[in-house]
Number of protein chains: 2
Amino acid sequence: MRLKHAKRRTARAAPGPGRNASIQDVAASANVSIATVSRVLNTPDLVAADTAERVRRAIDQLNFRPNRFAQGLMTRRSRILGVGVPDLHGEFYSALLRGADDEARRRGYHLLVTSGVGGKSSDGHMGAMLGLVDGVALMITEPNEKLLEVTRRSDLPIVLLDAEVNGAVRDTILVDHEAGAAEAAQHLLKTVEPSRCFFVGGPRENFDTARRAKAFADAVRMHIAARTPPRAGDTTVLGPDQIVYGDYSVNWGGIWARDCIACGRLEGAGVLAGNDEIAYGIMHAALDAGLSVPGDVKIIGFDDTRLCSLVRPTLSTVRVPLQDIGAAAVSALIRRVETPDAEPQRIRLKTTLINRESGG
Amino acid sequence: MRLKHAKRRTARAAPGPGRNASIQDVAASANVSIATVSRVLNTPDLVAADTAERVRRAIDQLNFRPNRFAQGLMTRRSRILGVGVPDLHGEFYSALLRGADDEARRRGYHLLVTSGVGGKSSDGHMGAMLGLVDGVALMITEPNEKLLEVTRRSDLPIVLLDAEVNGAVRDTILVDHEAGAAEAAQHLLKTVEPSRCFFVGGPRENFDTARRAKAFADAVRMHIAARTPPRAGDTTVLGPDQIVYGDYSVNWGGIWARDCIACGRLEGAGVLAGNDEIAYGIMHAALDAGLSVPGDVKIIGFDDTRLCSLVRPTLSTVRVPLQDIGAAAVSALIRRVETPDAEPQRIRLKTTLINRESGG
DNA sequence: AACCTGATCGGAAGCGCTTTCATGACTGGC
DNA sequence: GCCAGTCATGAAAGCGCTTCCGATCAGGTT
């Protein structure tokens, strides 16, 4: 037997398995209206204690969870935050993500992660993401007009990680690469001649490398200018080979070091690397060539990834608080989402020189 | 002048800035009904070519993007996949996530990442996640009844990473740890006496460590049983100290190695470590003690993280295709989401012994 | 001429929720 | 005993979309 054209207007099947309980079911079960159920959830103060209790029991019993889509449709909030990073490879982003995720969960938000930000095919994907999230934390490491344009025109809350966007006043999490690079330079300059100090960076266009390079150069120049008495031949112009660029890889560090060794210039040098991997590459090439670290050459890395304490000799490095960056980004983003009119914030996180073995 | 109590029933403000264009706006602009607009988006075949074209123009012009919440409310799909891992720390999960993200974006899905799966406070967070995603890829490394119970009772599509759940027939991505461990053992046994072969694992409860340990022991026993002629004193019982457990850290590897050295038992040994970090710890302690690797002691790691090719001597290891695991998980999950009635799948991924320096 | 068929489209229901507005029951002050 | 002022609650209007159903029309079939 089968009902033919059964009237289905308002009748609804019992919330058995296969269908989650809806607010309707709860309301029916607690003998109140759906409005009251909603109030119990969102504004409990507006409902009488005993009613609320009854509703809560029904909720538990039916295992009711508000449908997030319906909620989102009304409130225009999803409690999801987008996180866009250029890449998911390696220690670096994994630490960042970890900080972000911890903070997000603490605040009852979820993280929608997407990598390849700035890549070619990322536009559509980003677009789709914008419709789902309450805000976006974006990490951009190289200039990318298209992406910045999107962020500028979007009215979605955005915080920028470690990148300044000229023209737009936005929440921004900054890392004080300058102080870190300067501190590292000063440390090297204690025992190394300014002319023997090198900065071996990542890609020239990379924001971080650029800032670290500039601060390094400034520190070296300042050191020269300040020392008394001046020495013969002192010049505040750095040699063109003292600041070089490549990429963020062990390989590039090795290449540079071997070149340098070939010219006999690595011995007695002090090197600040653009990141830990480069530093490791340099150190390794030096050791392979029979140089001692830090005896013959002093090396300082950047970021303080796990690598630093694993390798021997251990790597001195400039610690960048990656987890804190992630956490701060999420925190700032939530603040903007929840209080859209708040003043834009610029949070600046400190770096720390970590003296281990390689830096002397 | 201001309109007082203007009638607002059906009138709606123009879709200026501050409000995104809705399907209504598109319909009005293209002079069709919203049903037609929807069809253009979802079932273009049902719309006349010229009408569709007109609608598409309106969509472009108004920069219309369907509201994902409204869509989700109707379709019960979000095109978001949940990924739950125990931890976000380190190379391991970062590689996995990368594979997952690549595959997801290729298929037009997004990833909602959550760590701390299996942790104490993760329940509520997981619960909230379940309402948002089309399915979940779960990585569990240790027994966790509560979590498994949740997965069992949920009708949400789930794929399990590298964990078997007895009783439930589920899509599962498995890694052939057994083959990898056996291959590594056999490699060591070529030059090392069975009684001098060790497995230094991570936590005893950890699924992976348990499986690797068992396969290692089996391989050693089988080697003893198979060799002809049998030697005096051959026994297929491994010494209790040949399979040991600790945690997945460099530190633990170092501790074990130093203990072993103290008893004079490391020289001439062959060691399979539970992961690369342990292997590195062992290798380092050995080198520090003046032993040569692989001359005096042969060491093989597990996972093939970046560390292996960075350190010197380079680490032989059993490669686990982390990125492939992530990609396979997402792929299987999408399959289940889109064809819920498909047969449950068990995908088994191969490991590969990577011979570098430390393994001899 | 009456009928059927398929292609195309609009009307309208309804997904599950939040929120406004109206209602009714009490309360205290006169 | 009556009116203003709470307080607790319900009815109902949508949020923006998908999809079922039916209307219309052109063109072919009997």
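Cut-offs applied
- Residues numbered from 1 in each chain as written.
- Chains lettered and ligands numbered in written order.
- Predicted model: local features only at pLDDT ≥ 70, side-chain atom pairs only at ≥ 80, totals over all residues.
- Heavy atoms only, no water.
- Salt bridge = Lys/Arg side-chain N within 4 Å of Asp/Glu carboxyl O.
- Helix = DSSP H or I, 4+ residues; strand = E, 2+ residues; numbered from the N terminus.
- Buried < 20%, exposed > 50% of the residue type's maximum accessible area, 1.4 Å probe, protein only.
- Near = heavy atom within 4 Å.
- Polar contact = N/O pair within 3.5 Å; in protein donor to acceptor, adjacent residues only side chain to side chain.
- Nonpolar A, V, L, I, M, F, W, Y, C, P; charged D, E, K, R; others polar.
- Contact = heavy atoms within 4.5 Å.
- Least-squares fit on C-alpha atoms with pLDDT ≥ 70 in both.
- Domains from an automatic or database assignment.
- Buried area = accessible area lost by both parts, 1.4 Å probe.
- Phe/Tyr/Trp six-rings, centres within 6.5 Å; stacked < 30°, edge-to-face > 60°.
- Axes fitted to C-alpha atoms, helices over the stretch in contact; angles between N-to-C directions.
- Parallel < 35°, antiparallel > 145°, perpendicular 65-115°, else oblique.
- Left-handed = near helix turned anticlockwise from the far one by under 90°.
- pLDDT = per-residue confidence, 0-100.
- Pairing = 2+ DSSP bridges.

Student: Explain the pattern of salt bridges here, please?
Tutor: Pairing between side chains of opposite charge can happen when their charged atoms approach one another. Applying the stated criterion across every chain, the model contains 34 salt bridges over all chains. The closest approach of N and O atoms between Arg306 of chain A and Glu277 of chain B, which form a salt bridge, is 2.5 Å. Taken together, the residues span two chains, with Arg306 of chain A in the loop between strand E9 (298-303) and helix H12 (307-310) and Glu277 of chain B in helix H11 (residues 276-288). Measuring nitrogen to oxygen at the nearest pair gives 3.2 Å for the salt bridge that ties Asp304 of chain B to Arg319 of chain B. Taken together, the residues Asp304 of chain B in the loop between strand E9 (298-303) and helix H12 (307-310) and Arg319 of chain B in strand E10 (residues 316-319) connect sequence positions 15 residues apart. The partly exposed category is assigned to Arg319 of chain B, whose relative accessible area is 34%. One continuous salt-bridge network, built from bridges that share partners, spans Glu103, Arg106 and Arg107 of chain A.

Student: Just to check I follow, could you spell out the protein's contact with DNA strand D for this structure?
Tutor: Near DNA strand D lie 31 residues; those nearest to it are Thr36, Thr51 and Met74 of chain A together with Ile23 and Ser38 of chain B. Across the atoms of DNA strand D situated within 4 Å of the protein, the share located in sugar and phosphate is 65%. Within the backbone of Ser33 of chain A, one N or O atom sits 2.9 Å away from a phosphate oxygen of DNA strand D. For DNA strand D, a phosphate oxygen lies 2.8 Å from a polar atom in the side chain of Ser38 of chain B. Residue assignment for the surface near DNA strand D shows that the elements contributing at least two residues are helix H2 (34-42) and helix H4 (68-75) of chain A together with helix H2 (34-42) and helix H4 (68-75) of chain B. Considered class by class, the residues forming the surface near DNA strand D number 15 nonpolar, 10 polar and six charged.

Student: Please explain the side chain of Thr317 of chain B as it appears in this structure.
Tutor: Residue and element names in this part refer to chain B. Among the secondary structure elements, Thr317 is positioned in strand E10. Within polar-contact distance, the side chain of Thr317 engages the backbone oxygen of Gly301 at 3.3 Å. Apart from the residues lying within four places of it in its own chain, the contact partners of Thr317 are Asp276, Ile300, Gly301, Phe302, Asp303, Asp304, Cys308, Thr352, Leu353, Ile354 and Arg356.

Student: Would you mind going over the relation of the copies chain A and chain B with me for this structure?
Tutor: Relating one copy of the chain to the other requires a rotation about an axis plus a shift along that axis. Between chain A and chain B, the superposition needs a rotation of 180 degrees and an axial shift of 0.0 Å, giving an RMSD of 0.1 Å. What the rotation and shift describe, once combined, is the action of a two-fold rotation axis.

Student: When you look at the domain arrangement of chain A in this model, what are you seeing that I'm missing?
Tutor: The accessible area lost on association of the parts is a frequent measure of interface size. Residue and element names in this part refer to chain A. According to the domain assignment, chain A contains domain 1 (23-74), domain 2 (76-175 + 322-349) and domain 3 (177-320). For domain 1 versus domain 2, the separation of C-alpha centres amounts to 34 Å. Between domain 1 and domain 2, the residue contacts involve five residues of the former and four residues of the latter. Buried area between domain 1 and domain 2, summed over both chains or domains, comes out near 290 Å², and the portion from carbon and sulfur atoms is 25%. At the junction of domain 1 with domain 2, the criterion picks out zero salt bridges. The tally of links between domain 1 and domain 2 comes to two residue pairs in polar contact (both at pLDDT 80 or more). For the side of domain 1 that touches domain 2, the class distribution of residues is two nonpolar, two polar and one charged.

Student: Could you clarify how one ought to interpret the protein's contact with DNA strand C in this entry?
Tutor: Taken together, 30 residues form the shell around DNA strand C, and within it Ile23 and Ser38 of chain A together with Thr36, Thr51 and Met74 of chain B come nearest. Among the atoms of DNA strand C lying within 4 Å of the protein, the sugar-phosphate backbone contributes 64%. Take Asn42 of chain A: an N or O atom from its side chain is 3.1 Å from a phosphate oxygen of DNA strand C. Interatomic distance of 2.8 Å between a side-chain N/O atom of Arg39 of chain B and a base nitrogen of DNA strand C. When contributions to the surface near DNA strand C are tallied by element, the ones reaching two or more residues are H2 and H4 of chain A together with H2 and H4 of chain B.

Student: So what exactly am I meant to see when it comes to the packing of aromatic side chains here?
Tutor: Aromatic rings in a pair are described by how distant their centres are and how their planes are angled relative to each other. Under the criterion given, the structure shown has six aromatic pairs over all chains. Ring centres 5.0 Å apart and planes at 75 degrees place the aromatic pair Phe92 of chain A and Tyr93 of chain A in the edge-to-face group.

Student: Would you mind showing me how to read the interface of chain A and chain B here?
Tutor: Between chain A and chain B, the residue contacts involve 47 residues of the former and 47 residues of the latter. Where chain A abuts chain B, roughly 4300 Å² becomes buried across the two surfaces, and 57% of that area is made up of carbon and sulfur atoms. It is Phe69, Arg105 and His110 of chain A in chain A that bury the most area against chain B; as a group they hold 17% of the surface buried on that side. In this structure, the connection of chain A to chain B is made through four salt bridges. Of the charged contacts, one joins Asp87 of chain B and Arg98 of chain A as a salt bridge, the two residues approaching to 2.9 Å between their closest N and O atoms. At the level of secondary structure, the elements contributing two or more residues to the side of chain A that touches chain B comprise H4, helix H5 (90-106), strand E2 (110-114), helix H6 (122-130), helix H11 (276-288) and H12 of chain A.

Student: Help me understand the packing of H4 of chain A against H4 of chain B in this model?
Tutor: For any two helices packed against each other, one specifies the inter-axial angle together with the distance between the axes. Running from amino to carboxyl end, H4 of chain A crosses H4 of chain B at an angle of 150 degrees, the nearest separation of the two axes being 8 Å. By the angle between their directions, the pair H4 of chain A and H4 of chain B is classed as roughly antiparallel. Crossing handedness for the pair H4 of chain A and H4 of chain B: left-handed. Residue-level inspection shows Arg68, Phe69, Ala70, Gly72 and Leu73 of chain A of H4 of chain A in contact with H4 of chain B, the latter providing Arg68, Phe69, Ala70, Gly72 and Leu73 of chain B. When grouped by side-chain class, the residues that make up the contact of H4 of chain A with H4 of chain B number six nonpolar, two polar and two charged.

Student: Please explain the confidence of the model for chain A as it appears in this structure.
Tutor: Low pLDDT marks stretches whose predicted atomic positions should not be read closely. Residue and element names in this part refer to chain A. Scored by pLDDT, chain A has a mean of 88; 90% of the residues are at 70 or more. The weakest mean pLDDT in chain A belongs to helix H7 (residues 145-153) at 72; the strongest belongs to strand E10 (residues 316-319) at 98. Within the model, pLDDT remains below 50 along residues 1-11, and this stretch shows zero contacts once partners closer than five positions in the same chain are excluded.

Student: What exactly am I supposed to notice about the sheet that holds strand E6 (residues 197-200) of chain B here?
Tutor: In sheet architecture, strand pairing relies on hydrogen bonds along the backbone and comes in two forms, parallel and antiparallel. Residue and element names in this part refer to chain B. Across the sheet, six strands lie side by side as E7-E6-E8-E9-E10-E12; this open sheet has mixed pairing. Edge positions in the sheet fall to strand E7 (243-244) and strand E12 (352-354), since each of these pairs with one other strand and no more. Looking at chain direction, E10 and E12 are connected through three bridges and run antiparallel. Its bridge partner lying in E12, Arg319 is registered against Thr352. Packing against the sheet, helix H9 (residues 207-226) makes contact with E6, E7, strand E8 (270-273) and E9, and its axis sits at approximately 170 degrees to E6. Against the sheet, H11 touches E6, E8, E9 and E10, its axis set at about 160 degrees to E9.

Student: Explain the environment of Glu205 of chain B here, please?
Tutor: Residue and element names in this part refer to chain B. Mapped onto the elements, Glu205 comes out in the loop between E6 and H9. For Glu205 and Thr141, which are 64 residues apart along the polypeptide, the C-alpha to C-alpha distance reads 8.3 Å. In this structure Glu205 touches Thr141, Glu142 and Pro143, once residues within four positions along its chain are discounted.

Student: Would you mind showing me how to read the packing of helix H1 (residues 23-30) of chain B against H2 of chain B here?
Tutor: Residue and element names in this part refer to chain B. At a minimum axis distance of 8 Å, the contact between H1 and H2 shows a crossing angle of 105 degrees. Taken together, the axis directions place H1 and H2 in an arrangement best described as roughly perpendicular. Residues Ile23, Gln24, Val26 and Ala27 of H1 pack against Ile34, Val37 and Ser38 of H2. Considered class by class, the residues forming the contact of H1 with H2 number five nonpolar, two polar and no charged.

Student: I keep staring at the sheet that holds E10 of chain A and nothing clicks. Help me out?
Tutor: Residue and element names in this part refer to chain A. On the basis of which strands lie adjacent, the open sheet formed by six strands has the order E7-E6-E8-E9-E10-E12 and mixed pairing. Edge positions in the sheet fall to strand E7 (243-244) and strand E12 (352-354), since each of these pairs with one other strand and no more. As defined by bridge partners, strand E6 (residues 197-200) adjoins E7 across two bridges and the pair is classed as parallel. Its bridge partner being in E7, Phe199 is matched across the sheet by Ile243. Along the sheet, helix H8 (residues 177-189) contacts E6, strand E8 (270-273), E9, E10 and E12; its crossing angle with E9, the most-contacted strand, is approximately 170 degrees.

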